[in-house]
Every structure is written in structure tokens, then in C-alpha cells.
Amino acid sequence: MLRAGLGVFGGLVDGEMGIHDESYGMESQEPGLEFSPNGELSHAAGCRRGFLRRFLFSTDHKTIGLQYLWLALLCVFFGMAMSLLMRVNLMWPEAGANFLRGFSKTPEHYAALTLLHGSLMVFFVLTAAPQAGLGNYLLPLQIGARETAFPHLNLLAVWLTAASAAGITASFFLAPERGVQLWVVGVAVFCLAALLVAINFSVTAIDLRGAGMALPRLPLTVWAWFINALLSVLIFSILLAACALLLSDMWIGTRFFHTAFIDRGALGASGVAVVTWQRLFWFFAQAEVYVAMLPCFGIVTHLLATFARRPVWKERAVVLALCGVGAFGFCIWGGHMFATGMNPGMPMLFGVLALSLGVPASVLLLSWFATLWNGRLLWNTSALFVLGFISLFLSGCFSGLFLAREDIALLANGGDFVSGHFHLVMGVSATFAVLAALFFWFPKLFGRWLNEPLGKVHFWLTFVGVFCVFMPMHWMGLMGRARPGMDAAAARHGGVGTFITLAALVTVAAQGIFLFNLLETLWRGELVLECNPWRATTLEWTDRAVDGLRAFRGAYEFDESGSIDDFIPQYVAPDRVAYRQVSRSG
Amino acid sequence: MPSTTLEHEVELIIEDVGGGGKPPAPGGGDEDGGGKGRRGKQPSPRRYYTGITLAIVSILMFFMALASAFIVRRGTGTDWIPVHIPVILWVNTTVLLFSSFTLEMARRCLAKGNLVEFRALWAGTTLLGLLFLAGQVMAWRQLFLQGIFVASNPGSSFFYVFTGLHGVHLLGGVAALLYVAVRDFAKAKVSRPVAAEIVGHYWHFMDGLWVFLLALLYLGK
């Protein structure tokens, strides 16, 4: 039992998990480990590695990927709990004050709660889970590499991320001045970790692709992780620089941004210098949205093709669109500066740039719909979450169009409209993509099936719930209400606030279903008995050793016939595929 | 299409869904051969070249962000007092540029197999790097004596932050130079020439970065 439990964290499955043992054993092969003739890691060799090396300080990319995913799971539940606290405090301040004791009585603590919710969700869930978590586990497998390029840097990165999460969480419990300092240190450490992951992923995708894995044959997930890694190399360096300047303001008395961030008394005197901070911050933060979304685009496209049993429509255009999202996403930071004042020509430029992001977004949407068109989609929970993602993304695109206009953005900046917009398009939709990926790759990750009926109940409650929470926020924002503060009377505006809070309560409660499903499956879920249960084409689903693999074809060779062999895996050589003429009644 | 029409199709039959291709290469080593599928006992060092290139891009973005903050802060604040660049910085710059030259000389000696000269020139490069750092500290000291401290005004803050952060990165370069000098490359994943070239890339970048920062401080004062 203990061994099974440890296996869950370490990515090594228990012996009962059948056929997957072989692939796990072979793929995580390290020099010096012993393998039996059928490829299984021998028990003696496994024991010699010891607990620490096997589970905590393993350089194995699968173990590290799972560690990121577990961290994200922990943070997402913390983050949701905090959002509930905020909503409850907003609606019923008296109850909130009693419940939170000292926390909600001061604006600092309320702000800290918002900050902690945002930073846990953005850094450790939206950035870490789709990129570092799923990417670490799957990118090397999908390109036929045995490991990432720099496994020790990878290990360092996961521990820096964990340290950063601990620091950022601990900052909440300190006095405001010290808390903010610790928070900035935590963010700087996270930047370092993200840079290490980004460099590692980029090099892995560039130099460690297995035999035959030419660029046109890369799965779109790999393209997305790769482009995202390149974008991360650029933007996390900027945030790191901003943190370095901020810390020097705090520690050695410089005045790059003035002391407005730690000394409320000086806030009014430093309006000019704050623009310096805003430029650096939005340079990072706008692109960070695409850092969270890019891997999700890759995952969704990949899953849609597999479920629809069809090649991705205009695969190359999708790759270009992913590049376009990265490039435009890097350039539209100025959209957040409309309200702060800038060169009169610049809002026009940034507005046009922001709108041009619609081109790659449209290409992606077109490809998804065309892949679905007249297709016979396999209806399962993962597919539902994929469709949910598309729906949320579309909603976010439409409200994004409003925000790309300078006049409306001026009106809506900092209000509920923006809150609703980015929660839908970034937070929730990215979470949907991660959930879709989890349901899809769970057989690979743990050798078991997540419970489908429970998954569907979870999906529908969440899907309806998030629309009920965030759509009314758009409306409230357009009504011109300010960002939620401590003013509870305004929040009750027309009962919409109460509706949002109740919807949030139900939605968060629904996540308990997922947690139950996850834990129950790990404990006694249905075993996966075949190696490639989804009949997918990519290399991670083979039980062959990575050394013997060669990619002979693209990642999406499906033929829609609905037969058991309606796909050709990437590793199947042309001379292993026979073509025959058949005739059938049309 | 009428339902009675006979439609010819090509149906795919996969003879071996379990896998294909050539059998695993025996003793394929610890590394993957990269996109071309090369495999052998000596791992390809390409990943290290790509890695250092990306690291350089990342560091460049870091300093570009600082430079952007420099320009914006200088243009918007009223409390900016320009810092007069200490003369010793020009000497330091010469020292650093010369160290790049000795590093390339050392690499050339290594390529010819002249290990003794390589070691001497490599050690010379390391010493020049340390000399540069010592010179930077002296420049700081001169400013201290003039009463210009890090917190005096945004102009002086940027001077100290630019020189300090560049110094920290260069210190990393010195550590890398020492590593190449003392490491036993018989047991390493890369050969000494490869390691020397990768460190060389980083060192030259630090060189160019310093010239850029100095120009920024000089022209932007």
C-alpha cells in the first residue's frame, strides 16, 4: 500500500499495473540500472535507488512532471478556497469578519488574500501545470527522447518552484511589509525556475528529437510546449529584472519605482515612477496569458484530432497560428497602459496589434471546427472538457475584442469586466484544457481510468457554474462598478453579487467530485489493460523502448473509418503498412 | 452521391501495430542523437550550444528590461542626477576586451593540441576577468569617496545596479573558466574544446554586454 502510494507521487506504478510497467521501466532507464530481458526494472535495482533519489530528488522527467502536477493540484484547491473567502467576505462582511478573525478587518489582508489567490493560480497552476507538468512528462516521450536535455536543471527547477510556492504562501502570514518582500523573492525564484524549464524544454525540442522526428512530424502539443518555452525565455527574464529592481528598492533604498509599494504614505508622491513598474510588469503579464494558453491550444488540437479520428485540419496553419499567438502575445503589452497615458500614437498601434491576435486565434478556431465538422467525436469526459475549452475561449475572444478598443478599455480597465474576461479566457479555459489532458493521459500517467460518469457530472456542474460566475461579472463591469473592494453594499448590486457568490460556492463544491474521482481512481480505479487505449498515434503510447523508436510519419494519421485500425502510429514504417483496394457500397 | 454508386477507397492495413522500424541499437549511450537520428557512444554536444544560446538570450532580455527601465525612469522623473563615469571604467573595459582576445588565443592553442600554452592563456583570461571585477570594485569605491551612493538618486542607483548585476554574471563566467581549467574531461560528457568554446561564447557575450551597458550609462547620463 505504501509502495503504491509513493508510486502515485513518483510516477512509477505498482506491479499490478500490467503492460505499462514495461514502458515505464524502459523509458526511465538510467545508466547503471538493471533491466530484465522484457524490459522491467529489476526490483533490486529499484530498491538501491532509495526513497529520496526515487521520489524526491529524481531527475526522471516523468517523476518531475508529476511533482508539478501534484503541486498544481494543491495550489488550485488553496486558490479556490481563497476565492470563496473573498466572495463570502464581499457579500457578508459581518460573517466574513467573524470567520476570518483578524484577516478581513484590514485592507492589507484583503489585498494579500487577492494577491495570494492570483499568484498561486497564475504561477503554480496555469503556468506550471500545462507547461512544466504535462510538458515534462510528455514532451520527451512524444519526440522519442529518453530524457530532457538537462535533467539536473530540471530537478533544480522543480524544487525552486516548490520553494517559491512555500515562500509566496508564507508571505500571507507575515506583516504586510515583510510579507510583500517575501512575496517578491518568491516570484523571483519562480522566474528562475521557469527560465530553467523553458531553456530545458527548448533545447530538448531542438536537439533531442529522436530518429526521424523532423519538425513537420512533431505533434502539435510539442510545438505548443516548444513555442511557449521560447516565449517564457523572453518574458520571465523581464519579470526577474523587475523583481530585482523592486527588491533593491526595498532593501537598499534605491528609487526605481519609489517606495510606493511598501510605504502607503508615499503613494501619492510617486505616480510618475510607477509607470516604470507598469511597463515592465505588463510586458510580462500580458504575455503570461499566452504562456498559460499556448500549451492548452496544443493539447486541445491534439485531443480533438484523436477523438474525432481525423487529421488536424490545416496542421501547418495551426503551427503558424501557435507561432503567431506567441509573437503577437509578446507585443501587445501596451494595451494595459491605455489608462496610464502614453504617446498618442501608441494606443492605436497596440490596439491594432491586439486585434491582429484575432488572426491566429481565428485560424485555431477554424481548425478545431473543421476537424470536428461532420466528424464522429468520441464522447467522453476528456472530449467534453475540450469542447468546454473551445466554448470558454470563444467567449473570452469576444470580450477581448471589447478590450482591444482603447475607449472601452479605458472604461473597463481594472473593473469586473476585465476580471470576468481573464478568468474565463485564461483561468477557467486553461484549467479545462488541463482537465481534458488529465482524463486523456491518466492511463499513461497512472495506468488507470478516471471514472467517466463522475467526470461527466463534474464537467457539467463546472461548465454551467463558471459561466454563471463570470458572465454576470462582464455585465457588472459594463455597468461601471469598480473592482471589488470592501464596499459590500455595492457588491449586492441588484442581487447579481449574491448570484455570483452562490454560483461560485456550487462550482467550487463540484471540484470535490473531481478530487474524489482522482483519489478513488488511484486507490481502486479500473486498470488500463492495453498499451494504447485511445488508439492514438504519438510515441508516448507505445510499449517499445525509446531507443528503438523512429518516427516515420506525421502525428495525425487517422482515416475516420471507425475500424480498430483507423490510425497509423508515428513509429510504423512505410513498409509495414500495406494498401489494398477495396470497394464498398457508398 | 447516390447510394448505389460503388466507391473505391484505399484502406490502410497496419501489419504491425506493435511497433516498427529498426531494432534498438545496442548500447545506444545515454544520449539521443538529435533530429538526424545519430547515435553513438560520444553524445552530441549540440544541446550545450543551444543551451548557452538560449541562456544568453535570456540574460540579454534581463538586461534589456533593465535598460528599458533606465530609459523610462530617466525620461519621466525629476530627481535624476547624472553620474560621471569614473575613468577607471575605461581601463576595465580595455582589460575585459583583451581577456576575450586571450581566450580566443587559448582556444586556438587547444585546437593545435598545445596544452601548456592553452593553460597559460586560459589562466591569463581568468586573471584578466578577476582584474576587471577588482577594477569595478575600485570604481565603486571612487564613487563612494565622492559621496555618490546606491540610494543617492535614480541615476546612481542604475549605475550600481548595472555594474553589480553585470559583475555577478561575469563572476559566473570566471567560475566557468576555472571549471574548464580544472575539470578532468576524460570522464565528462563533453570534450575540453567544446567546453572551452561554450564558455567562450558566454565570455564574449559578457564582453559585448558590458560595452552596451557602458555606452548606455555614458550616453544616457
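Residues numbered from 1 in each chain as written. Chains lettered and ligands numbered in written order. Predicted model: local features only at pLDDT ≥ 70, side-chain atom pairs only at ≥ 80, totals over all residues. Heavy atoms only, no water.

**Student:** Any chance you could explain unusual backbone geometry here in plain terms?
**Tutor:** Most peptide bonds take the trans configuration, and most residues that are not glycine carry a negative phi. Residues and elements named next belong to chain A. A positive phi angle is found at Asn-374, which is not glycine, with a value near 60 degrees. Relative to the helices and strands, Asn-374 is located in the loop between α14 (358-372) and α15 (381-404). Take Asn-374: its relative accessible area is 68%, and that puts it in the exposed class. (Helix = DSSP H or I, 4+ residues; strand = E, 2+ residues; numbered from the N terminus. Buried < 20%, exposed > 50% of the residue type's maximum accessible area, 1.4 Å probe, protein only.)

**Student:** I'm lost on the state of the cysteines in this one. Help?
**Tutor:** One way to say it: the disulfide is the covalent bond shared by the sulfur atoms of two cysteines. Within this structure, the stated rule accounts for zero disulfides over all chains. Free cysteine: Cys331(A), not disulfide-bonded; nearest cysteine sulfur from Cys323(A) at 13 Å. (Disulfide = S-S within 2.5 Å.)

**Student:** What exactly am I supposed to notice about empty space enclosed by the protein here?
**Tutor:** Over the atoms a probe the size of a water molecule is rolled, and this reveals where empty space is left. Residues and elements named next belong to chain A. In the structure shown here, the tally under the stated rule is eight cavities of 30 Å³ or more. By volume, the largest cavity is sized at about 130 Å³. If you go around the largest cavity, you meet 14 residues; those closest to its centre are Thr-127, Gln-131, Ala-132, Ala-194 and Val-197. When residues of the lining of the largest cavity are traced back to their parent elements, those giving at least two are α7 (107-143), α9 (176-207) and α10 (220-251). It is α9 that provides the largest number of residues to the lining of the largest cavity, a total of five residues. (1 Å grid on protein atoms, 1.4 Å probe; cavity = no way out; pocket = protein on both sides within 12 Å on 5 of 7 lines; lining within 4 Å. Points joined across faces, edges and corners; volume = space filled by probe spheres on them.)

**Student:** Hey, could you run me through the packing of aromatic side chains in this one?
**Tutor:** Remark: the centre distance and the inter-plane angle together describe each pair of aromatic rings, the angle taken between the planes. Residue and element names in this part refer to chain A. Throughout the structure, instances matching the rule amount to 53 aromatic pairs over all chains. Taken together, a centroid distance of 6.0 Å and an interplanar angle of 5 degrees make the contact between Phe-389 and Phe-393 stacked. Linking Phe-389 with Phe-393, this pair stays in helix α15, spanning four residues, or about one helical turn. Each of the two residues, Phe-389 as well as Phe-393, counts as buried. (Phe/Tyr/Trp six-rings, centres within 6.5 Å; stacked < 30°, edge-to-face > 60°.)

**Student:** Would you mind showing me how to read the nonpolar core here?
**Tutor:** Nonpolar side chains tend to gather and get buried jointly when the protein is soluble and globular. Residues and elements named next belong to chain A. Core analysis: the biggest nonpolar cluster contains 235 residues, and Phe-297, Trp-368 and Phe-389 have the highest contact counts within it. A total of 22 residues in this core trace back to one element, the largest contributor, which is α10. Not counting chain neighbours up to four residues away, the residues in contact with Phe-297 comprise Leu-322, Val-325, Leu-364, Trp-368, Phe-389 and Phe-393. (Core = buried A, V, L, I, M, F, W, Y, C linked by side-chain atoms within 4.5 Å. Contact = heavy atoms within 4.5 Å.)

**Student:** What's the story with the environment of Phe236(A) in this structure? I'm lost.
**Tutor:** Residue and element names in this part refer to chain A. Of note, Phe-236 is situated in helix α10. Phe-236 gets classed as buried once you look at its relative accessible area, which sits at 0%. Counting along the chain gives 38 residues from Phe-236 to Ala-198, while the straight-line C-alpha distance between them is 9.3 Å. If we ignore the near neighbours within four places in the chain, the residues touching Phe-236 are Thr-127, Phe-190, Cys-191, Ala-194, Leu-195, Phe-284, Glu-288 and Val-291.

**Student:** How should I be thinking about a nonpolar patch on the surface in this particular structure?
**Tutor:** All names here are of chain A. Taken together, the side chains of Phe-51, Leu-52, Phe-57 and Trp-159 present a nonpolar region at the surface, about 390 Å² in accessible area. Looking at the element boundaries, Leu-52 is found in helix α4 (residues 50-56). Taking relative accessible area as the criterion, Leu-52 reaches 47% and is therefore assigned partly exposed. (Patch = residues over 30% accessible without salt bridge, like charges linked within 9 Å, V, L, I, M, F, W, Y side chains within 5 Å. Areas by Shrake-Rupley, 256 points an atom, 1.4 Å probe, with all protein chains shown as cover. Salt bridge = Lys/Arg side-chain N within 4 Å of Asp/Glu carboxyl O.)

**Student:** Sorry if this is basic, but what is going on with the confidence of the model for chain A here?
**Tutor:** The predicted coordinates should not be examined in detail at positions where pLDDT is low. Per-residue pLDDT for chain A averages 81, and the proportion of residues at 70 or more is 78%. Note that residues 580-586 of chain A has pLDDT below 50 and, in this model, 23 contacts with residues that lie over four places away or in other chains. (pLDDT = per-residue confidence, 0-100.)

**Student:** What am I meant to see in the layout of surface pockets here?
**Tutor:** In this model, the second largest pocket occupies a volume close to 1,500 Å³. Looking at the lining of the second largest pocket, its residues break down into 36 nonpolar, eight polar and two charged. (Nonpolar A, V, L, I, M, F, W, Y, C, P; charged D, E, K, R; others polar.)

**Student:** Just checking my understanding: could you explain the environment of Ile332(A) for this structure?
**Tutor:** Residues and elements named next belong to chain A. With respect to the helices and strands, Ile-332 occurs in the loop between α12 (315-331) and α13 (346-356). Residue classification places Ile-332 among the buried residues on the basis of a relative accessible area of 5%. Sequence separation between Ile-332 and Asn-136 is 196 residues, and the spatial gap between their C-alpha atoms is 29 Å. Ile-332 has contacts with Gln-286, Tyr-290, Phe-350, Leu-353, Ala-354 and Leu-357, leaving out every residue within four places of it along the chain.

**Student:** Explain α14(A) to me, please; I cannot follow it from the model alone.
**Tutor:** For an α-helix, 3.6 residues make a turn, and residues three or four places apart therefore share a direction. The first and last C-alpha atoms of α14(A) sit 21 Å apart over 15 residues, in line with the 21 Å expected at 1.5 Å per residue. With its phi angle positive at about 60 degrees, Asn374(A) sits one or two positions after the end of α14(A). (Expected span 1.5 Å × (residues − 1).)

**Student:** Explain helix α17 (residues 416-446) of chain A here, please?
**Tutor:** All names here are of chain A. Maximum bend of α17: about 50 degrees, positioned at Phe-440, with proline Pro-443 one to four residues after it. Counting buried residues along α17, 28 of its 31 residues qualify, which places the element largely inside the surrounding structure. At the C-terminal side of α17, Gly-447 shows a positive phi close to 70 degrees. (Bend = angle between axes of the 7 residues up to and from the residue.)

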